[in-house]
Structures are given as structure tokens and as C-alpha cells.
Amino acid sequence: MNLMNTSLWKTAGLFALVLILLGSFTSSILFGATQFDWHTAWASIFHYDENINDQIILRTTRVPRACIAAAIGASLAIAGVLMQTLTRNPLASPSVLGVNAGATMFVVIGAVALQISSLQALMWISFIGAAVGALSVYILGSFGRDGLTPLKIVLAGAAMTALFSSFTQGILVLNQQVLSTVLFWLTGTIAGRSPDMLITVIPFMAICWVAAWFIARDMNLLLMGEDTAKGLGQKTLWVKSAAGILIVVLAGCSVSVAGPIGFIGIVIPHISRFFIGVDHRWVIPYCAVLGAILLILADLAARFIMIPEEMPVGVMTAVIGAPFFIYIARRGLIKS
């Protein structure tokens, strides 16, 4: 009976978060430098008239922007919780472990060496860079007799992030003409992103969301320790490989569209576990919804900080996440 009551409460909590997500999504569509009413928003979606400017703005800018924020927020949060469980490190996230820095360096190289200015092309280059960054950290962190430990992967992530960032800054110093092309992207933003960019990556994101939930039981076993998981019959290499692929795809897709948006992958998993425990069957869907809510609201707030200009959403998530990161680090949760 207690188990049933617990499940009902968790289901009710998830339903409440979905309602908050819908409210946040609606607010993102209606509010900004230009504000719209309900009737205009409804008409732009269900009775679209391409001759009405307000409907054009809503249909081609506001709605896609809210969708991009929701998809990327969910993806980064799920990637974060998988990475924290896989590495047994509460500070693990795409922004900390070299994924963002690798993607950024590849974008700058593509813009400088290959003279690429198309956002669509830079998106794919960014995805490759994210994969290279993650693989580099994994290989570097695996050296030594103890293999991949939480402390070693943090150190490897810090080292590779510093290396990639140094290369990126060096290239930009030598070729400042390309700086204006990539600067706004480097800070992390969803402004100006076309619907086609989301359409390109959303099938991969959706598949990974579902796959993450399907390996939730395996992640629960892995959370108890690799030796325990093997003793219970789990093929840990397969589970780790599957989780690693999901992390790279989710983080790579997100960074390729919006640039390096940090801290969502750190903050959201901890908030989810605080409310519903460590069962990944619940943590993963909670992370998806909470991540979407956080990025939508961060993007909405970014529109009002510097009116009529907009602050990059990556700055807003850093303002939210940096104090939380420091709090987790000060609690001494990193163990070797």
C-alpha cells in the first residue's frame, strides 16, 4: 500500500510539472520584447495567416524557440543524470567533462579553417567535436591501474576542457575576423535558431529519451556499484556503452543547436533526486520535464534583463547553476 501511495504521489508530481511546463511554454510564446495575446497565439497555430505579421513572428520565431528550449533542456538534464550515474560523480555533466569545450573548438576550427558560416553546417561540426571531447576525457581518465574513477574523470575533464579552451582562444586571437561569426554561439543561445535545426536533431533526441528510460533499471543496478551489478548478472560493459552513446548523442545534439549551455546537467538531476529519490525510472522523466522548464524560463528571463537586447541563455543558466555547483563541491561529494 505504501509503495502504491508513493507511486501515486510521484505520478501526481510529474503531472504537476507537466502543467508547469505547459505554462512556461505558453509564457515563452506570449512574452518578450513584443508581447502577444492569447487570441493571436491561438490563431497563429491553428488558423495561420501568412499575411499577418504577428502570426508570422509567433509561428516562425516564438513557437520554434520554445520548442528548442524544451528539447535542449530535457536532453541536457537526461545526459547529466546518466553521466553522474555512469561516473558515480555528482559534478559530472556535459559542461564539466569536455563535451562543450570540444564542440566549441571544432566550431571555431570549422569557421576559421574551412570558412564555414552556415549554422546548419556548424551544427554538424559541433556534434563531431562533442563526441571527440567525450571520447578524449574517457580515454584519458581510464589510464592507470584503477581505471576510470570519479576523481580521475573530473581531472581528465578539467584538463581536456582547459586544453580545448586554450586552442579555441588561440585561434580566435589569431583570426579575430571570425570572432563575430561565432561569439554569440559560443556563449550559448537559442535565439535566432531556425526550426530546421531542431527538426534535424529531434528524431535522435527523442530516440535517446526513450532509450534512457528503457535502461533505467540497469542504471539503478549500476548505481549500487559495478561489482554488485555484475554479481546480479548485469553486463556492465553493455550498459556503460549504451549510456555513453546516449550521453554523447543528447549532449552533442544540444550543443550543436544552441552552443555550450552549462549547469543544467548538474543542477536538475540533484533537484529530481531530492524530490523522488534515486530510482532512474522516475528520475529520468522528472529530469526531462524539469530541464525543459528551467531552460524555457531562463530563456524567458534573458529577454528582459537587457531590453531591447537579449542576454544569451547560457549566461542565465550559469548564474543559476554556478552557486549550486559550488555548494555541491563544498560538501565534498567527489570521491576517488
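For the structure itself, look to the data block above.
I will try to describe carefully the structure that is included in this document.

What counts, and at which threshold
Residues numbered from 1 in each chain as written. Predicted model: local features only at pLDDT ≥ 70, side-chain atom pairs only at ≥ 80, totals over all residues. Heavy atoms only, no water. Patch = residues over 30% accessible without salt bridge, like charges linked within 9 Å, V, L, I, M, F, W, Y side chains within 5 Å. Areas by Shrake-Rupley, 256 points an atom, 1.4 Å probe, with all protein chains shown as cover. Salt bridge = Lys/Arg side-chain N within 4 Å of Asp/Glu carboxyl O. Helix = DSSP H or I, 4+ residues; strand = E, 2+ residues; numbered from the N terminus. Disulfide = S-S within 2.5 Å. Buried < 20%, exposed > 50% of the residue type's maximum accessible area, 1.4 Å probe, protein only. Core = buried A, V, L, I, M, F, W, Y, C linked by side-chain atoms within 4.5 Å. Contact = heavy atoms within 4.5 Å. Expected span 1.5 Å × (residues − 1). Phe/Tyr/Trp six-rings, centres within 6.5 Å; stacked < 30°, edge-to-face > 60°.

This next bit is on a nonpolar patch on the surface. Judged by side-chain polarity, Leu135, Tyr138, Ile139, Leu140 and Phe143 come together as a nonpolar surface patch covering roughly 510 Å² of accessible area. On the secondary structure map, Leu135 appears in helix 5 (residues 119-142).

Applying the stated rule across the entire model yields 0 disulfides. Left without a disulfide partner, Cys67 is nearest to the cysteine sulfur of Cys253, which lies 16 Å away.

Moving on, we come to the pattern of salt bridges. In total, this model carries 4 salt bridges according to the counting rule given. Between Arg65 and Glu310 there is a salt bridge, and its shortest N-O distance comes to 2.6 Å. Taken together, the positions of Arg65 in helix 3 (residues 53-87) and Glu310 in the loop between helix 13 (280-305) and helix 14 (313-330) put the pair 245 residues apart, joining distant regions of the chain. Look at Glu310 and you get partly exposed, because its relative accessible area is 29%. Of the charged contacts, one joins Asp299 and Arg303 as a salt bridge, the two residues approaching to 3.0 Å between their closest N and O atoms. With Asp299 and Arg303 both in helix 13 and 4 residues apart, this pair spans about one turn of that helix. Across the pair, Arg303 and Asp299 agree in class, each one buried.

Another aspect to go through is unusual backbone geometry. The backbone of Phe263 shows a phi angle near 75°, a positive value even though the residue is not glycine. Looking at the secondary structure, you find Phe263 in the loop between helix 11 (236-258) and helix 12 (264-276).

The biggest cluster of nonpolar side chains holds 71 residues, and the ones touching the most others in it are Ile72, Leu82 and Ile264. The leading source of residues in this core is helix 13, at 15 residues. Once you skip the residues sitting within four places of it in the chain, Ile264 turns out to touch Gly73, Leu76, Ala77, Pro269, Gly291, Leu294, Leu295 and Thr317. Counting 10 residues, the second-largest nonpolar core is a separate cluster that includes Val108, Val112, Ile125 and Leu172.

Our next topic: helix 13. Taking 1.5 Å of rise per residue, the 26 residues of helix 13 would be expected to cover 38 Å, and the 36 Å separating its terminal C-alpha atoms lies within 8% of that figure. Across the 26 residues of helix 13, 21 count as buried, placing the element largely inside the fold.

Attention shifts here to helix 11. For helix 11, spanning 23 residues, the distance from its first C-alpha to its last is 33 Å, which sits close to the expected 33 Å at 1.5 Å a residue. Positive phi shows up at Gly259, right after helix 11, with a value of about 85°.

Now for the packing of aromatic side chains. This structure, assessed with the given rule, holds 2 aromatic pairs. Judged by centre distance (5.7 Å) and plane angle (75°), the rings of Trp213 and Phe214 are edge-to-face. Under the relative-accessibility criterion, Trp213 is labelled partly exposed at 44%. Classification of Phe214 as exposed rests on a relative accessible area of 60%. Between Phe274 and Phe275, the aromatic rings sit 5.3 Å apart at their centres with planes inclined by 80°, giving edge-to-face as the arrangement. This pair shows no difference in class: Phe274 is exposed, exactly as Phe275 is.

These results come straight from atomic positions and should not be treated as a statement about function.
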